[in-house]
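The lines below spell out each chain.
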Amino acid sequence: QVQLVESGGGLVQPGGSLRLFCAASGSTFTINTMAWYRQAPGKQRELVASISTAGITNYADSVKGRFTISGDNAKNTVYLQMNSLKPEDTAIYSCSARLWTGGGLYWGQGTQVTVSS
């Protein structure tokens, strides 16, 4: 079993930056991939970025060049550095984990990111 806790969300002006944190606990050695998703009002949930334990990363086209996902296996923590933020980045950001054994995703509680002047 894996537990995920996000932090780092908040209010930022357009063009600003935020850094999100996702701390994993429990059976962390079973995690294969971790990812950040987001959901804005009136829109479907979308994958923002993912990273495997091997360090392979993927990004949504809308955030390429602006966001960076990274992980620290020793600290069981994944980060999302968000730069050049736009109002359309406003959403609830949630951390997820997929295990080596497959099955459903584990989810954190989510953290609100609001980009507004």
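Parameters at a glance
- Residues numbered from 1 in each chain as written.
- Predicted model: local features only at pLDDT ≥ 70, side-chain atom pairs only at ≥ 80, totals over all residues.
- Heavy atoms only, no water.
- Disulfide = S-S within 2.5 Å.
- Helix = DSSP H or I, 4+ residues; strand = E, 2+ residues; numbered from the N terminus.
- Buried < 20%, exposed > 50% of the residue type's maximum accessible area, 1.4 Å probe, protein only.
- Phe/Tyr/Trp six-rings, centres within 6.5 Å; stacked < 30°, edge-to-face > 60°.
- Lys NZ or Arg CZ within 6 Å of the ring centre and 35° of its normal.
- Pairing = 2+ DSSP bridges.
- Axes fitted to C-alpha atoms, helices over the stretch in contact; angles between N-to-C directions.
- 1 Å grid on protein atoms, 1.4 Å probe; cavity = no way out; pocket = protein on both sides within 12 Å on 5 of 7 lines; lining within 4 Å.
- Points joined across faces, edges and corners; volume = space filled by probe spheres on them.
- Nonpolar A, V, L, I, M, F, W, Y, C, P; charged D, E, K, R; others polar.

S.K.: Describe the state of the cysteines, with residues and values.
M.R.: Enumeration over the complete set of coordinates arrives at one disulfide. Linked covalently through their sulfurs, C22 and C95 form a disulfide whose S-S length is 2.0 Å. Handedness here is read from the sign of the S-S torsion; for C22 and C95, about -85 degrees, the answer is left-handed. Remark: C95 occurs in strand β9 (residues 91-99) and C22 occurs in strand β3 (residues 18-26); sequence separation between them is 73 residues. For C95, a relative accessible area of 0% translates into the label buried.

S.K.: Give me the packing of aromatic side chains: which residues, what numbers.
M.R.: All chains considered together, the criterion is met by two aromatic pairs. Pairing F21 with Y79 gives two aromatic rings, centres 5.6 Å apart and planes at 80 degrees, and the pair type is edge-to-face. Of this pair, F21 sits in strand β3 while Y79 sits in strand β8 (residues 77-82); the two residues are 58 residues apart in sequence, bridging distant segments of the chain. What makes Y79 buried here is its relative accessible area of 12%. Seen from the ring of W107, R45 lies directly overhead, with NZ or CZ sitting 4.2 Å from the centre.

S.K.: Tell me about the sheet that holds strand β7 (residues 67-72), residues and numbers included.
M.R.: In a beta sheet, neighbouring strands are held together by backbone hydrogen bonds and run either parallel or antiparallel to one another. Strand order in the open sheet formed by four strands is β1-β3-β8-β7, and the pairing between neighbours is antiparallel. Of all the strands in the sheet, the pair left with one neighbour each is β1 (2-7) and β7. The sheet shows a mean angle of 15 degrees between the axes of neighbouring strands, taken without regard to direction. Note: β1 against β3, six bridges, orientation antiparallel. Paired with S7 across the two strands is F21, which belongs to β3.

S.K.: Before we move on, could you go through the layout of surface pockets and cite the residues and values that matter?
M.R.: There is about 230 Å³ of room inside the largest pocket. Along its surface, the largest pocket is lined by 15 residues, and M34, T53, D72, N73 and V78 are the ones closest to its centre. Of all the secondary structure elements, the ones that give two or more residues to the lining of the largest pocket are β4 (31-39), β5 (46-52), β7 and β8. Looking at the lining of the largest pocket element by element, the count peaks at three residues for β4. A breakdown of the residues in the lining of the largest pocket according to their chemical character gives five nonpolar, nine polar and one charged.

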